[in-house]
Structures are given as C-alpha cells and as structure tokens.
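# Inside the fold
As a plain string of letters, each chain reads:
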Amino acid sequence: MAGTKRQQAIRKALRAVTPGIPFSDAEAVVALAERKHMKDLPPSTALWLSLGSHVRHVHTDYERLLSEGYDRDAARFFVAEETDAVLTGWGCQRSVSEGDLGEEDEPD
C-alpha cells in the first residue's frame, strides 16, 4: 500500500469501519481525512469525522436544509437517521445518532 504511514492508517481505518463503502466515496472520504486541518487528529478520528461529513453532505438532504435556513445542529439532527442508514449500508457498526460525531468535523 503506497503513501505515508498516516495515509495508510487512514485507509486501514476506513476498510475496518466501512468495509462496503463504494470506491468513489472511499476516495472522497480519504481526501477529507488527509486535509491539513485534520493532521493533528489521530487517523481514526480524522477518518470518522470525514466519513460523517461526506455522508451528510453528499448522501442526505443536509445541504438543502442549510439552504432553507436551518442551523447546522438542526440540519444534522434531521439527517442523522439518513446518515446512519448510509453508514449501515456500507457495513459500519457506529452511529451518528448516538453522538459518535462531534462538533469538530469538517466546517459546513
């Protein structure tokens, strides 16, 4: 596996957390986890925050809710089940509904 030790750790965590993630989504999540503002976080934390952010922005109505005037917390609340459904479909055992995603994720 090519890349730095951090990149390898992020990819390994991704395979462990979401074994069924489609390749295009996996590449997008890894790119988010490798962003500069994530570098001080442990790879597994950067991966989880990036995974939640990606699913929320790409696979839910989150963006629409924001454009309709909902604040970030309200929009996140309303898409939590949808986010969990996508993650579950990818084989993920964690849940954003149970508070597994913190406020420090990718800025919206």
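Residues numbered from 1 in each chain as written. Predicted model: local features only at pLDDT ≥ 70, side-chain atom pairs only at ≥ 80, totals over all residues. Heavy atoms only, no water.

## Let's talk about the overall build of the protein
- From N to C terminus, the protein includes five helices and zero strands.
- Helices (α) and strands (β) of the protein occur, in sequence order from the N terminus, as α-α-α-α-α.
- Among the 108 residues that make up the protein, the fraction classed as buried is 38%.
- In the protein, once contacts between residues fewer than 6 apart in sequence are set aside, the share between residues at least 24 apart is 60%. (Helix = DSSP H or I, 4+ residues; strand = E, 2+ residues; numbered from the N terminus. Buried < 20%, exposed > 50% of the residue type's maximum accessible area, 1.4 Å probe, protein only. Contact = heavy atoms within 4.5 Å.)

## Notes on the packing of helix 2 (residues 23–33) against helix 3 (residues 43–59)
- Across the interface, helix 2 lies against helix 3 with an axial gap of 8 Å and an inter-helix angle of 125°. Considering their axes alone, helix 2 and helix 3 lie oblique with respect to each other. Regarding helix 2 and helix 3, the two cross each other, and that crossing is right-handed. Packed against helix 2, whose contacting residues are Asp25, Ala28, Val29, Leu32 and Ala33, the element helix 3 presents Ala46, Leu47, Ser50, Leu51, His54 and His59 at the interface.
- Partitioning the contact of helix 2 with helix 3 into residue classes produces seven nonpolar, three polar and one charged. (Axes fitted to C-alpha atoms, helices over the stretch in contact; angles between N-to-C directions. Parallel < 35°, antiparallel > 145°, perpendicular 65-115°, else oblique. Left-handed = near helix turned anticlockwise from the far one by under 90°. Nonpolar A, V, L, I, M, F, W, Y, C, P; charged D, E, K, R; others polar.)

## So, the side chain of serine 95
- Summarising the element assignment, serine 95 is placed in the segment after helix 5 (72–89).
- Among the polar contacts made by the side chain of serine 95, one reaches the side chain of aspartate 84 at a distance of 2.8 Å.
- Only 3.1 Å separates the side chain of serine 95 from the backbone nitrogen of serine 97, close enough to count as a polar contact. (Polar contact = N/O pair within 3.5 Å; in protein donor to acceptor, adjacent residues only side chain to side chain.)

## Comments concerning the pattern of salt bridges
- This model, assessed by the stated rule, comprises three salt bridges.
- For the salt bridge of aspartate 61 with arginine 64, the shortest nitrogen-to-oxygen distance reads 3.5 Å.
- The salt bridge involving glutamate 68 is made with arginine 64; its shortest N-O contact spans 2.7 Å.
- Residue glutamate 68 is classed as partly exposed on the basis of its relative accessible area of 48%.
- Take arginine 64: its relative accessible area is 39%, and that puts it in the partly exposed class.
- Three or more residues joined by partner-sharing salt bridges are found here, namely Asp61, Arg64 and Glu68. (Salt bridge = Lys/Arg side-chain N within 4 Å of Asp/Glu carboxyl O.)

## Quick notes on the environment of threonine 83
- Within the secondary structure layout, threonine 83 lies in helix 5.
- As a C-alpha pair, threonine 83 and histidine 59 span 24 residues in sequence and 7.3 Å in three-dimensional space.

## Focus: helix 1 (residues 5–17)
- For helix 1, which comprises 13 residues, the first-to-last C-alpha distance of 18 Å matches the rise-based estimate of 18 Å (1.5 Å per residue) to within 8%.
- Taken residue by residue, helix 1 has Ile10, Ala13 and Leu14 as its buried positions. What you see down the axis of helix 1 is that its buried residues fit within an arc of 100°, all on one side. Residues of helix 1 that are exposed and angled more than 90 degrees away from the buried face: Lys5, Lys12 and Ala16. (Expected span 1.5 Å × (residues − 1). Arc of directions from axis to C-beta.)

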